[in-house]
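What follows is each chain in one-letter form.
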Protein chains: 2
Amino acid sequence: MSFKSDIEIAREASKRPIQEIGEKLGIGSDDLLPYGHDKAKISQRFIDSVQDNPNGKLILVTAINPTPAGEGKTTTTVGLGDGLNAIGKKAAVCIREASLGPCFGMKGGAAGGGYAQVVPMEEMNLHFTGDFHAITSAHNLLSAMIDNHIYWGNELQIDTRRVVWRRVMDMNDRALRQITASLGGVANGFPRETGFDITVASEVMACLCLATSLTDLQKRLGDIIVAYTRERDPIYARDIKADGAMTVLLKDAMQPNLVQTLENNPAFVHGGPFANIAHGCNSVIATTTALKVADYVVTEAGFGADLGAEKFMNIKCRKAGLAPDCVVLVATVRAMKMNGGVAKADLGSENVEAVKSGCANLGRHIENVKSFGVPVVVAINHFHGDTAAEIAAVQEFVKTQGSEAILCKHWANGSDGTRDLATRVAQIAEQGSANFAPIYPDDMKLADKIDTICRKIYRADGALIDGKIRAQLKQWEDQGYGHLPVCMAKTQYSFSTDPEARGAPTGFTVPVREVRLSAGAGFVVAICGEIMTMPGLPRVPSAEAIMLNDDGQIEGLF
Amino acid sequence: MSFKSDIEIAREASKRPIQEIGEKLGIGSDDLLPYGHDKAKISQRFIDSVQDNPNGKLILVTAINPTPAGEGKTTTTVGLGDGLNAIGKKAAVCIREASLGPCFGMKGGAAGGGYAQVVPMEEMNLHFTGDFHAITSAHNLLSAMIDNHIYWGNELQIDTRRVVWRRVMDMNDRALRQITASLGGVANGFPRETGFDITVASEVMACLCLATSLTDLQKRLGDIIVAYTRERDPIYARDIKADGAMTVLLKDAMQPNLVQTLENNPAFVHGGPFANIAHGCNSVIATTTALKVADYVVTEAGFGADLGAEKFMNIKCRKAGLAPDCVVLVATVRAMKMNGGVAKADLGSENVEAVKSGCANLGRHIENVKSFGVPVVVAINHFHGDTAAEIAAVQEFVKTQGSEAILCKHWANGSDGTRDLATRVAQIAEQGSANFAPIYPDDMKLADKIDTICRKIYRADGALIDGKIRAQLKQWEDQGYGHLPVCMAKTQYSFSTDPEARGAPTGFTVPVREVRLSAGAGFVVAICGEIMTMPGLPRVPSAEAIMLNDDGQIEGLF
């Protein structure tokens, strides 16, 4: 049996002009700013005009902890969106934009897969509508203005050892992780250590994804803390007078992008923070706009439910006043097997016992999501080679958890493969049984918020927070940041900080290595274990195989 | 008397949909890839389809050496284009894209001024269609792949002290001029000194601007020399296997951008290399395409005729098989006065003697352009405050040079202000009196090419090239690069390397500090005096005043 590659399927798509896609949501062509014939930004005027519409139902797609076997969260998000449209519901999907850097390393694209894709896939994995480039420019303008301020006399008395604002690039470039800048003499400034993060890890990205308007965006950008004085007083981006120009650079990037699925249904693709270091959800403005024009909005949060869904609930929903009506938890038989201890090479053989054992991971995620007061359906994303007994094992397990698992074949069949899931999700959402609440209140102490997530979500014996970090958290509380939620930065591969500990580990603690204040985005980042804010390229980067073929088509981008 | 600012005039423009502008050149809407409603890229299919059309007439707009008084080269290019259309000629202008970095520093925009502007002015000075971001990404992908190659074992045996490929950012950021990268231990690679240039100075920019097709672009990118081994053998971008992915990143950026003037005439805006460090002309593909669809193409080259026009003739025309039919040399009374020794503060008073004295600069440029076998008309770009006697002085001087100077008032009056100029330029072009040839042959020695430009164009007593540099040039000749033209990097403010030496200096030599091989772009750069490949921001960057006003319009971008 031979399969078409994602890019082959995407190329064969019968795309409709983007104006037709906008029409499905009542967006006139005057309110669509086209980027080519198949991409558009939605005007602020239109967004303002629908503010009084009632909201549609909000469905969150999340997953078990990722394994090398693949889960297909974006693929399922797209498949469910198409499925809802196929059963007669007016649905839109909301996903994140792809980061350019990883595309040249080893990561697959961020546009779904098989017959559940968003197109134009190539553009989405390259420059798309330029949003990330705008974020990079805005971030680095602030960086340049900080060093320029120091160069011309340092009126704000910035302690050059305490500049916390780095630079960003949308590239996997380990050589830039740690650098000494301003070398070469008087004309180049005062030498100091700094470095680059990848653009998706930028606080500017988080600000853009959480902002409700350009005015709100500018306020958030102004609130960013870029450095401290010798007396530890914070210096804000506003003090550097960069917030206005940064907002101008982000003016177009703030407008949500509209594209389409292979089945010509509307897809909002906007924002793209990492879920391990940042909050991992698409933009608030895209989600809230979609809810005003569609009856069902299917969105996703990055990595497993311990990271993406937790932050979706505790950060995005809390901040934006959103409440999910139903959560779809994506699992695969293969990933269950890996969670049950099977090596990647052995995934081809039936192993019902391993599936059952790996279901512990799934079970914990189900419980966790329910703890937010939201009903859960498990979507089994079908892979060629899954056996009936293995599938049945997952379904039986899920039943014991008081939930249900529905087999989905959208990768191979598009919306035909998600009709059952779509029907059930619609039923649950219409029942209105969700009673959403974040799992910690605003007024809890910051250290206790961290500890709460570690205990309730990760099932750790607690967070290990040493005196120095506690003092830092206390200082932020004194400065008025105690009400902020916590953004956990942790490996995506395990509930614990040990990437090898699959399944449902217990008997561990979570060491908090460092805390950072993202005053503009509006959260405190707690870094647990090793986290990379600038990835590197592998030994053989996929870039080596990316090229134009003789027909001018892109090869090697998957 | 009060004047409207450029941005106010631009905002009041009656823009036509870009499809209507394309129609004027016979470009159907299917062949226009829209970016919003007022910008579009022209499809490769269309470009291919017009290859057999006869060429229109090519007019180059160049200028005297720039002074702080301002000359208005882009403004005159746009004004002449509108003027030609106004007298019934089918004309298009071809200008360069603006660099983002300088916009936040102190430089004005690159879209012309007054009633001779290209719109949308704000977008053109910000992200426009993303071409520069694509160039930045392609450049930095190569940088990351070089360090990644070294990190994973350095199979090509790159001497890490001899990596000549730096990184780029479209930002004025002096802190990045010289850095030490790969600090922080084993996981981050091998520490080495490197730095960033501004994107417009990238050899990728030069490759894109000189490439005739995507295939040619990929070949050029592959030919870029990125490093040397200990044995001084060159390592090419092709060896790093980056050329394919770089081409994919530049696929859209290679398509010329179409916008419009305030009078709704077509303007190609594509490519933007600096004229002091790079070759300073818009893209070959834009110019050659415009020549196939318009009867008159008005283009410009950066800075004064000693830099931009010289490179336009000796590099761009030579490489692309182009030949200008007429050159327009822009001068202003104010700039003549400054060349005649008047300080900026005193420009407001009539000073005919200073004008006459400053005309020496203009005279030398006229002679130089004629030495390429092309007829010259001087355009006096009128400023409020120029006196009749001052204007007459310029006109009389130009007559003594066997040329003519025509007063133009396009800044205030649009095409009404350039009818005379347009009429005369059209006459000259139709006469076919041009007999273009570069001033040095391909097979001249590299050192002699440098010396020829210094003597014939700058009127120096010769180039000072020490033994080490001569040996380097000789080595490149031995390696097969001897046929390349020379790209002079020199201050734009004087014929000499002393920026203070205005007018028509004599009795100087030109010290060549360094030579660089741009094997992909196809030229040898000769750096004379001090040249900055990464600018810095001024004490009060214009970014501090750039912001959105309450109507969502951009303020402070001029």
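These numbers were taken from a predicted model, which means no experiment stands behind them.

### Side note on the overall build of chain A
Argument step 1. Helix and strand counts for chain A stand at 19 helices and 25 strands.
Argument step 2. Rg of the C-alpha trace for chain A: 23 Å, near the compact-globule value of 24 Å for 558 residues, within the 12% margin.
Argument step 3. Summarising its shape, the C-alpha atoms of chain A cover approximately 70 × 55 × 50 Å along the three principal directions.
Argument step 4. Within the span of chain A, comprising 558 residues, buried residues form 65% of the whole.

### Considerations on the sheet that holds strand 13 (residues 234-236) of chain B
All names here are of chain B.
Argument step 1. With antiparallel pairing, the three strands of this open sheet are ordered in space as 7-12-13. Among the strands making up the open sheet, the edge pair consists of strand 7 (158-163) and strand 13. For this sheet, the mean angle separating the axes of adjacent strands, direction not counted, is 50°.
Argument step 2. Two strands pair when backbone bridges link them, and strand 7 and strand 12 (residues 225-229) are joined in this way by two bridges, in the antiparallel orientation. Across the sheet, Val 163 pairs through a bridge with Ala 227, a residue of strand 12.

### Considering the UniProt feature "binding site: ATP" (unreviewed entry) in chain A
Residue and element names in this part refer to chain A.
Argument step 1. UniProt's entry tags Thr 67, Pro 68, Ala 69, Gly 70, Glu 71, Gly 72, Lys 73 and Thr 74 with the feature "binding site: ATP" (unreviewed entry), counted in the numbering of this structure.
Argument step 2. Here Pro 68 shows up in the loop between strand 3 (57-63) and helix 4 (73-86).
Argument step 3. The exposure class of Pro 68 is partly exposed, given its relative accessible area of 44%.
Argument step 4. Once residues lying within four places of it in the same chain are set aside, the contact partners of Pro 68 are Met 338, Lys 344 and Arg 502.

### Some details on the pattern of salt bridges
Argument step 1. For the coordinates displayed, the defined rule picks out 55 salt bridges over all chains.
Argument step 2. One salt bridge in this structure joins B:Asp38 and B:Lys15, with 2.7 Å as the shortest N-O distance. Here the residue B:Asp38 occupies a position in the loop between strand 1 (32-34) and strand 2 (40-42), and B:Lys15 occupies one in the loop between helix 1 (6-11) and helix 2 (18-24), the gap between them amounting to 23 residues.
Argument step 3. A relative accessible area of 36% means that B:Lys15 is categorised as partly exposed.
Argument step 4. Here B:Lys41 makes a salt bridge to B:Asp131, at a shortest N to O gap of 2.7 Å. Taken together, the residues B:Lys41 in strand 2 and B:Asp131 in helix 7 (residues 131-151) connect sequence positions 90 residues apart.
Argument step 5. Because the salt bridges share partners, they merge into one network encompassing A:Asp147, A:Arg167, A:Arg192 and B:Asp173.

### What about the nonpolar core?
Argument step 1. By size, the foremost hydrophobic cluster in this structure holds 387 residues, and its most contacted members are A:Leu362, A:Ile450, B:Leu362 and B:Ile450.
Argument step 2. With near-sequence residues (within four places) excluded, B:Ile450 lies in contact with B:Ala463, B:Ile465, B:Leu473, B:Val486, B:Met488, B:Val512, B:Val515 and B:Ala526.

### Considering the environment of A:Asp325
Residues and elements named next belong to chain A.
Argument step 1. The residue Asp 325 is located in the loop between helix 12 (305-320) and strand 17 (326-331) in this model.
Argument step 2. Between the C-alpha atoms of Asp 325 and Ala 426, which are 101 residues apart in sequence, the distance is 9.5 Å.
Argument step 3. When near neighbours in sequence (up to four residues on either side) are disregarded, Asp 325 contacts Gly 56, Lys 57, Leu 58, Val 374, Pro 375, Ile 428, Ala 429 and Ala 434.

### Examining the relation of the copies chain A and chain B
Argument step 1. Superposition record for chain A on chain B: RMSD 0.0 Å, screw rotation 180°, translation along axis 0.0 Å. One copy is carried onto the other by what is essentially a two-fold rotation axis.
Argument step 2. Comparing contact sets, 100% of the residues at the interface of chain A also lie at the interface in chain B, consistent with an isologous, same-surface contact.

### With respect to the domain arrangement of chain A
All names here are of chain A.
Argument step 1. When its domains are assigned, chain A resolves into domain 1 (6-129 + 253-431), domain 2 (131-246) and domain 3 (446-528).
Argument step 2. When each unit is reduced to the centre of its C-alpha atoms, the spacing between domain 2 and domain 3 is 25 Å.
Argument step 3. Linking domain 2 with domain 3 are zero salt bridges, by the criterion used here.
Argument step 4. Inspection of the region where domain 2 meets domain 3 yields six residue pairs in polar contact (both at pLDDT 80 or more).
Argument step 5. In terms of residue count, the dominant contributor to the side of domain 2 that touches domain 3 is helix 8 (residues 203-210) (four residues).
Argument step 6. When its residues are assigned to classes, the side of domain 2 that touches domain 3 shows seven nonpolar, no polar and three charged.

### Section: the sheet that holds strand 21 (residues 486-489) of chain A
Residue and element names in this part refer to chain A.
Argument step 1. Strand order in the open sheet formed by four strands is 20-22-23-21, with mixed pairing between adjacent strands. Either end of the sheet is taken by a strand with one partner, and the two such strands are strand 20 (463-464) and strand 21.
Argument step 2. Contacts from helix 19 (residues 467-481) reach strand 22 (510-518) and strand 23 (523-528), with the element oriented near 30° to strand 22.

### Side note on helix 15 (residues 388-400) of chain B
Residues and elements named next belong to chain B.
Argument step 1. For helix 15, which comprises 13 residues, the first-to-last C-alpha distance of 19 Å matches the rise-based estimate of 18 Å (1.5 Å per residue) to within 8%.
Argument step 2. Among the residues of helix 15, Glu 390, Ile 391, Ala 393, Val 394, Phe 397 and Val 398 are the ones counted as buried. The buried residues of helix 15 all sit within an arc of 155° when viewed along its axis, so they share a single face. Facing away from the buried surface of helix 15 by more than 90 degrees, the exposed residues are Ala 388, Lys 399 and Thr 400.

### Points about a negative patch on the surface
Argument step 1. Negative charge collects at one region of the surface, where A:Glu8, A:Asp550, A:Asp551 and A:Glu555 lie side by side.
Argument step 2. For A:Glu555, the position within the fold is in strand 25 (residues 554-555).

### Remarks on the environment of A:Glu310
Residue and element names in this part refer to chain A.
Argument step 1. Tracing the sequence through the fold places Glu 310 in helix 12.
Argument step 2. Along the backbone, Glu 310 and Gly 280 are 30 residues apart, and their C-alpha atoms lie at a distance of 10.0 Å.
Argument step 3. Once residues lying within four places of it in the same chain are set aside, the contact partners of Glu 310 are Ala 305, Ile 315, Phe 372, Tyr 440, Ile 453, Ile 457 and Met 488.

### Some details on the packing of helix 7 (residues 131-151) of chain A against helix 8 of chain A
All names here are of chain A.
Argument step 1. Viewed as axis vectors pointing N to C, helix 7 and helix 8 meet at an angle of 125°, and their least axial separation amounts to 9 Å. When the axes of helix 7 and helix 8 are compared, the pair comes out oblique. The handedness of the crossing between helix 7 and helix 8 is right-handed. Between helix 7 and helix 8, the residues in contact are Phe 132, Ile 135, Ala 138 and His 139 and Val 204, Met 205 and Leu 208, respectively.
Argument step 2. Looking at the contact of helix 7 with helix 8 residue by residue, the classes come out as six nonpolar, one polar and no charged.

### Thoughts on the packing of aromatic side chains
Argument step 1. Enumeration according to the criterion identifies four aromatic pairs over all chains in this entry.
Argument step 2. Seen in terms of ring centroids, A:Phe196 and B:Phe196 are 5.5 Å apart; in terms of plane orientation they differ by 0°. Their pairing is stacked. Here the residue A:Phe196 occupies a position in strand 11 (residues 196-198), and B:Phe196 occupies one in strand 11 (residues 196-198), the pair thus bridging two chains. For the pair A:Phe196 and B:Phe196, one class covers both residues: buried.

### A few points about helix 19 of chain A
All names here are of chain A.
Argument step 1. For helix 19, the complete set of buried residues consists of Ile 469, Leu 473, Trp 476, Glu 477 and Tyr 481. For helix 19, the buried positions fall inside an angular range of 105° around the axis, keeping them on one side. Turned more than 90 degrees away from the buried face of helix 19 sit Gly 467, Lys 468 and Asp 478, all of them exposed.
Argument step 2. Against strand 12 (225-229), strand 13 (234-236), helix 18 (446-456), strand 22 and strand 23 lie the buried residues of helix 19.

### Here we look at the interface of chain A and chain B
Argument step 1. In this assembly, 63 residues from chain A lie in contact with 63 residues from chain B.
Argument step 2. Summed over both sides, the interface between chain A and chain B buries roughly 5,500 Å², with carbon and sulfur atoms accounting for 66% of that surface.
Argument step 3. Three residues, A:Trp152, A:Arg174 and A:Val248, lead the burial of chain A against chain B; their summed loss comes to 11% of the area buried on that side.
Argument step 4. Inspection of the chain A/chain B interface yields two salt bridges.
Argument step 5. A:Arg167 is the salt-bridge partner of B:Asp173, the closest N and O atoms lying 2.8 Å from each other.

### Quick word on the pairing of strand 12 of chain A
Moving residue by residue along a regular strand, the side chains alternate between the two faces of the sheet.
All names here are of chain A.
Argument step 1. A large share of strand 12 lies buried, amounting to five of its five residues.
Argument step 2. Where strand 12 meets strand 13, three bridges bridge the pair, whose relative direction is antiparallel. Counted as the bridge partner of Ile 225 is Tyr 236 from strand 13.
Argument step 3. The hairpin turn running from strand 12 into strand 13, its antiparallel successor, is four residues long, and Arg 232 in that turn takes a positive phi close to 70°.

The rules we used
- Per-chain numbering applies: the sequence of each chain, read as written, is numbered from 1 onward.
- Chain A is the first chain written and ligand 1 is the first ligand written, with later ones labelled in order.
- Per-residue local features are limited, in this predicted model, to residues with pLDDT of at least 70; the limit for side-chain atom pairs, both in listing and counting, is 80 or more; totals at the level of whole chains, interfaces and linings are taken over all residues.
- Water and hydrogen atoms play no part in the side-chain values, which are based on all heavy atoms of the structure.
- Secondary structure elements are taken from DSSP: a helix is a run of H or I of four residues or more, a strand is a run of E of two residues or more, and numbering for both begins at the N terminus.
- Throughout, the radius of gyration refers to the C-alpha atoms, and the reference size of a globule is 2.2 Å times the residue count to the power 0.38.
- Three labels apply to residues, based on accessible area from a 1.4 Å probe with only protein chains included: buried if under 20% of the type maximum, exposed if over 50%, partly exposed otherwise in between.
- Note: two strands are recorded as paired if DSSP finds a minimum of 2 bridges between them.
- Lines fitted to C-alpha atoms define the axes, with helix axes restricted to the stretch in contact, and inter-axis angles between N-to-C directions lie between 0 and 180 degrees.
- UniProt positions are given in the numbering used here, feature names are shortened, and annotations may be inferred rather than shown by experiment.
- Here a residue-residue contact requires only that any non-hydrogen atoms of the pair lie within 4.5 Å.
- One speaks of a salt bridge when a side-chain nitrogen belonging to Lys or Arg is within 4 Å of a carboxyl oxygen belonging to Asp or Glu.
- Working definition of a nonpolar core: buried Ala, Val, Leu, Ile, Met, Phe, Trp, Tyr and Cys residues. They are joined through side-chain atoms within 4.5 Å.
- Copies overlap after least-squares fitting; the atoms used are the C-alpha atoms of residues with pLDDT of at least 70 in both.
- Residue ranges assigned to each domain were obtained from an automatic or database domain assignment.
- Under the rule applied, a polar contact is a pair of N or O atoms within 3.5 Å (in protein, one hydrogen donor and one hydrogen acceptor; residues adjacent in sequence only if both atoms are side-chain atoms).
- Put simply, Ala, Val, Leu, Ile, Met, Phe, Trp, Tyr, Cys and Pro go in the nonpolar bin, Asp, Glu, Lys and Arg in the charged bin, and everything else, Gly too, in the polar bin.
- In this scheme, a helix's expected span is set at 1.5 Å multiplied by one less than its residue total.
- Starting at the helix axis, one direction is taken to each C-beta atom, and the arc is that of these directions.
- Patch construction takes residues with relative accessible area above 30% that form no salt bridge. Like charges are linked within 9 Å, and nonpolar side chains (Val, Leu, Ile, Met, Phe, Trp, Tyr) are linked within 5 Å.
- Note that accessible areas follow from Shrake-Rupley with a 1.4 Å probe, and for residues the cover is restricted to the protein chains shown.
- Positive charges are assigned to Lys and Arg, negative charges to Asp and Glu, while His and the chain termini are left out of the count.
- Charge placement uses NZ in Lys and CZ in Arg. For Asp and Glu, CG and CD serve respectively.
- Orientation is classified from the angle alone, with under 35 degrees giving roughly parallel, over 145 giving roughly antiparallel, 65 to 115 giving roughly perpendicular, and any other angle giving oblique.
- Here a crossing is called left-handed whenever its near helix is offset anticlockwise from the far helix by less than a right angle, and right-handed whenever the offset is clockwise.
- What counts as a ring pair is set by centres within 6.5 Å for rings of Phe, Tyr and Trp (its six-membered ring), and what kind of pair is set by the plane angle: stacked under 30 degrees, edge-to-face over 60, tilted for all other angles.
- Accessible area that two parts lose when put together, with a 1.4 Å probe and added across both, is what the buried area reports.

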